[in-house]
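Analysis of the macromolecular model
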Amino acid sequence: MKVDIEQLNKSFGTVVAVHDLNLDIRAGEFVAFLGPSGCGKTTTLLMIAGIYKPTGGVIRFGERVVNTVQPRDRNIGMVFQSYALYPHMSVFENIAYPLKLKGVSKDEQRVRVQRSADVMGIGDLLHRRPGQLSGGQQQRVALGRALVKEPDVLLFDEPLSNLDARLRLTMRGEIKALQKRLGITSIYVTHDQVEALTMADRIAVMNEGLLEAYDTPDDLYDHPKTLFIASFVGNPPMNILPIQAALEGDAVILQNDALRLPVRSERALKAAQQHGDLLMGVRPEDVTLSADGALCGEVFVVEPLGREDMIDVRIGQHRLAALVTTEKRIRAGNRVRLDINADKLQFFDPASKRSILWT
Amino acid sequence: MHCAPTATGTFLGMGMAAVTTTQSKRTSSGRPNLTAYLFLMPAVVLVVLFFLIPTILVLYISMTNLTSANFTADIAQMEFIGFANFTTLFNDQFAQKILFNTLFYVLVTMAIFNVGASLFVSLLTTHINRRASFVFRALWLLPRITAGTVYIMMWRRMIADPPFGILNQALGAVGGTPITGSEYVWTFVVIVNGMIGMSFGMVIFTAAIESISKDIMNAALVDGSTMLQRIRYIILPLLRWPLLFVISYQTLSLLTSYEQILLLTNGGPGLYQTEVWALTAYHRALSNYFGNAQWGYGSAFAVVLVVIGVLLAALYMRVFRFRDLVAEPKIETL
Ligand SMILES: Nc1ncnc2c1ncn2[C@@H]1O[C@H](COP(=O)(O)OP(=O)(O)O)[C@@H](O)[C@H]1O
Ligand SMILES: [Mg+2]
């Protein structure tokens, strides 16, 4: 089932939670809503579920406008961060509840609940109460309940946020695999970019009620269209430096008060065509230690990340984060020379905060 | 369960002797804990002062022939007469009628108002616009916060016999037959008391409904419930403890309440027509028709009420599984 959202708006009194949202979600696609807390992700999801009525705009399931359709007539399944299991019902009754409301016979209920529970690996917990289950088991029950009625659309609202890191990793893989196998159109709300980047086919990045971008994970990472996306997507975050670009022969000189960096690259050439101030973005993994590097600065923080160290280098009043192998044994206070992968640079207009490279 | 703390808190607030005992037993496992007893002191003092001592006094007086006639400076004239008052009570030709009145009054008022109407209003006001529901609930609190005498005076004006009475004036205006208060006296006794009593349940039920997590409420709709199905399958089952609590608390409070009936009908208008047990205790002990207050005999009525109350309280404690409610929380295991 494809889902189309056109000019969707929602205000609560004077608070605008969602503003002019446009999205098309293809049948069977896995879309993540990614954004900081309070940016309107849950509100959008609850409008798709039919809990909230939009103040403006249209939501379509297939060709059918569902704006005023009751949640029970939308054939959706939903999984919540708090699991939202019914505490007075056993696991079996929880999963069977949607079927019972549909008038499915007791025998068929038993078969379908068992099947759904087996898929989620909780087939032997059916007689327990939610209070007797661990967080991970509860979330599996919630998933089972969402899947049992074979929904057209699956909605997730930060389903893994209450789980510990290891369990989150396992569940991430399981949900992704399950979704691919069943081919159910899914919308997954999260504030965790790793979840969004690893699970989703496309990511809708939201900020303060507005859609910032709607792209594949690779595009978001490699071709960020706005400064917000560039700095929000990716961990550790991208370095952003104010800079001016000028053409000198066939090289481009990137410079500011503290650094001067001659580079040769397509992207830099594009930047050089813009006059005046620019913001340059470079990811920590694209900054390397190099004996004849053009940049020179003093390390003032070393953050061990296990496989690599993240070092924070001060160049004049600017700061540049870089990922280096632990073998280099960089210590705070060391002076280092750095080079930058010019093919991976990003450039933004400081006024509009939009990319100069990608539109 | 989410509603357990509400029930526990309010139950402790009842300050019943039994609650205190349960608590102190739990804390004194092993060596007696002085600090724990110190913390219990305020509750213990209150219970002793306002429950235990009065009960013992009433129990003693109920076994004497004390009346206002033989109450002289020489208290020695008061005689200890054992269970004679109780024998008289059980042979009293009106006791059975009064007992039946009391059961009728407690059960009907509770079913219709203290539980029925309060649950209905709570469900209604939690499903409508917040501001409207606030106004609505505030209105329902008025009978409780109005001074009892004022409230009853208003009702008496309202239901006075024709040609007076606002109700009859209104009925007359639309061409209906006027009604007399005596015909419908039980109806009015139940309504007048019920409208005070229902706000208690309303406050408890509303709080309990609003404390059900929003996610659970939304999940129920997404899973396919209509509003009514959500009430039936999700909300009502989750109100089990508040319901039990309101039922038990309100039986006890209806059993012992008589002020409104005293002011509205004083047990009449027919002979013992609306007389309830607590009112009889008052009539016998403090307001006898013949000007002779039978303190001893009245106390016997009060003692019967205390016994019934304590038995019911003990029963409710079992039904509530009170020990489970105050059990220490199990540490969440992942
Ligand atoms: N029921 C509501 N009433 C009033 N304001 C709300 C309500 N729900 C959400 N909001 C507001 O709308 C904005 C978006 O909220 P939400 O969709 O929950 O954000 P997110 O899920 O992205 O963290 C926030 O500013 C929030 O305060
Ligand atoms: Mg949210």
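Preceding this paragraph is the structure being described.
Below you will find a few notes about this structure. Along each chain, residues carry numbers from 1 onward, in the same order as the chain's sequence is written. Lettering for chains starts from A, numbering for ligands starts from 1, and both go in the order in which the items are written. Restriction of local features to residues with pLDDT of at least 70 applies here, the model being predicted, together with a cutoff of 80 or more for giving and counting side-chain atom pairs; totals for whole chains, interfaces and linings are based on all residues. Hydrogen atoms and water are omitted, and side-chain values are computed over all heavy atoms in the structure.

With that settled, consider the interface of chain B and chain A. In this analysis, two residues are considered to be in contact whenever any of their non-hydrogen atoms come within 4.5 Å of each other. At the interface, 19 residues of chain B touch 25 residues of chain A. Each of two parts loses accessible area, computed with a 1.4 Å probe, when they are put together; buried area is these two losses added. Summed over both partners, the interface of chain B with chain A buries about 2,000 Å², with 65% contributed by carbon and sulfur atoms. Salt bridges are identified by distance alone: a Lys or Arg side-chain nitrogen within 4 Å of an Asp or Glu carboxyl oxygen. Taken together, chain B and chain A are joined by 1 salt bridge. A salt bridge links A:Arg145 to B:Asp223; the nearest nitrogen and oxygen atoms lie 3.3 Å apart. Here a polar contact means two N or O atoms within 3.5 Å. Within protein one must be a hydrogen donor candidate and the other an acceptor candidate, and residues neighboring in sequence count only if both atoms are side-chain atoms. Joining chain B to chain A, the criterion identifies 8 residue pairs in polar contact (both at pLDDT 80 or more). Numbering of helices and strands starts at the N terminus; helices are DSSP runs of H or I of at least 4 residues and strands are runs of E of at least 2. Of all elements in the fold, only helix 10 (214-222) and helix 11 (227-238) of chain B reach the threshold of two or more residues within the side of chain B that touches chain A. Here the element with the most residues in the side of chain B that touches chain A is helix 10 of chain B; it accounts for 7 residues. Its residues assigned to classes, the side of chain B that touches chain A comprises 10 nonpolar, 6 polar and 3 charged. Residue polarity follows a fixed list, in which Ala, Val, Leu, Ile, Met, Phe, Trp, Tyr, Cys and Pro are nonpolar, Asp, Glu, Lys and Arg are charged, and the others, Gly among them, are polar.

Let us now look at the site of ligand 1. Residue and element names in this part refer to chain A. If even one non-hydrogen atom of a residue comes within 4 Å of a molecule or strand, that residue is called near it. Taken together, Phe12, Ala17, Ser37, Gly38, Cys39, Gly40, Lys41, Thr42, Thr43 and Tyr52 make up the full set of residues adjacent to ligand 1. Between ligand 1 and Tyr52 there is a distance of 3.3 Å, counted from a nitrogen atom to a side-chain nitrogen or oxygen. Contact with the protein chains covers 62% of the free accessible surface of ligand 1, which is 560 Å². Broken down by element, the residue count for the shell around ligand 1 peaks at 3 residues, all from helix 1 (residues 41-49). Counted by class, the shell around ligand 1 contains 4 nonpolar, 5 polar and 1 charged residues. Residue-level accessible areas treat just the shown protein chains as cover; the underlying method is Shrake-Rupley with a 1.4 Å probe.

Bringing the pattern of salt bridges into the picture now. Residues and elements named next belong to chain A. Going through the model one piece at a time under the given rule, you end up with 16 salt bridges over all chains. For Glu29, the salt bridge is made with Arg26, and the minimal N-O distance between the two is 3.5 Å. Throughout, exposure labels follow a simple rule: accessible area from a 1.4 Å probe, protein chains only, divided by the maximum for the residue type, with under 20% read as buried, over 50% as exposed, and the rest as partly exposed. On the basis of relative accessible area, Glu29 is assigned to the buried category, the value being 6%. Owing to a relative accessible area of 48%, Arg26 belongs among the partly exposed residues under this scheme. Where Asp215 meets Lys225, a salt bridge forms, and the shortest distance between an N and an O atom there is 3.1 Å. Taken together, the positions of Asp215 in strand 10 (residues 210-215) and Lys225 in the loop between helix 7 (217-222) and helix 8 (227-232) put the pair 10 residues apart, joining distant regions of the chain. Among the residues examined, Asp215 registers a relative accessible area of 14% and is labelled buried. Residue Lys225 is classed as partly exposed on the basis of its relative accessible area of 27%. The network of salt bridges with shared partners includes Asp24, Arg26, Glu29 and Arg202.

What follows deals with the sheet that holds strand 13 (residues 260-263) of chain A. All names here are of chain A. Two strands qualify as a pair provided that DSSP identifies no fewer than 2 bridges between them. In space, the 5 strands of this open sheet follow the order 13-12-11-14-20, with antiparallel pairing throughout. Every other strand in the sheet has two partners, leaving strand 13 and strand 20 (346-348) as the edge strands with one partner each. For this sheet, the mean inter-axis angle between neighbouring strands, taken without regard to orientation, is 40°. Lines fitted to the C-alpha atoms define the axes, with helices restricted to the stretch that makes contact. Angles between their N-to-C directions range from 0 to 180 degrees.

Residues and elements named next belong to chain A. On the secondary structure map, Thr288 appears in strand 15 (residues 287-289). On the accessibility criterion, Thr288 (39% relative accessible area) is partly exposed. For the pair Thr288 and Leu323, spaced 35 residues apart in sequence, the C-alpha to C-alpha distance is 7.3 Å. With near-sequence residues (within four places) excluded, Thr288 lies in contact with Arg337, Leu338 and Asp339.

With that settled, consider helix 5 (residues 165-182) of chain A. Spacing of three or four residues puts side chains on the same side of an α-helix, whose turn is 3.6 residues. Residues and elements named next belong to chain A. Here a helix's expected span is defined as the number of its residues, less one, multiplied by 1.5 Å. The first and last C-alpha atoms of helix 5 sit 26 Å apart over 18 residues, in line with the 26 Å expected at 1.5 Å per residue. Three or more residues of helix 5 are buried, namely Met171, Arg172, Ile175, Lys176, Leu178 and Gln179. The buried residues of helix 5 occupy an angular sector of 165° when projected down its axis, which confines them to one face. Opposite the packed face of helix 5, turned more than 90 degrees from it, sit the exposed residues Arg166, Leu169 and Arg181. Following helix 5 by one or two positions, Gly183 adopts a phi angle in the positive range, close to 65°. The arc under discussion is defined with respect to the helix axis, by the directions toward the C-beta atoms.

Read these as spatial facts, not as claims about activity.
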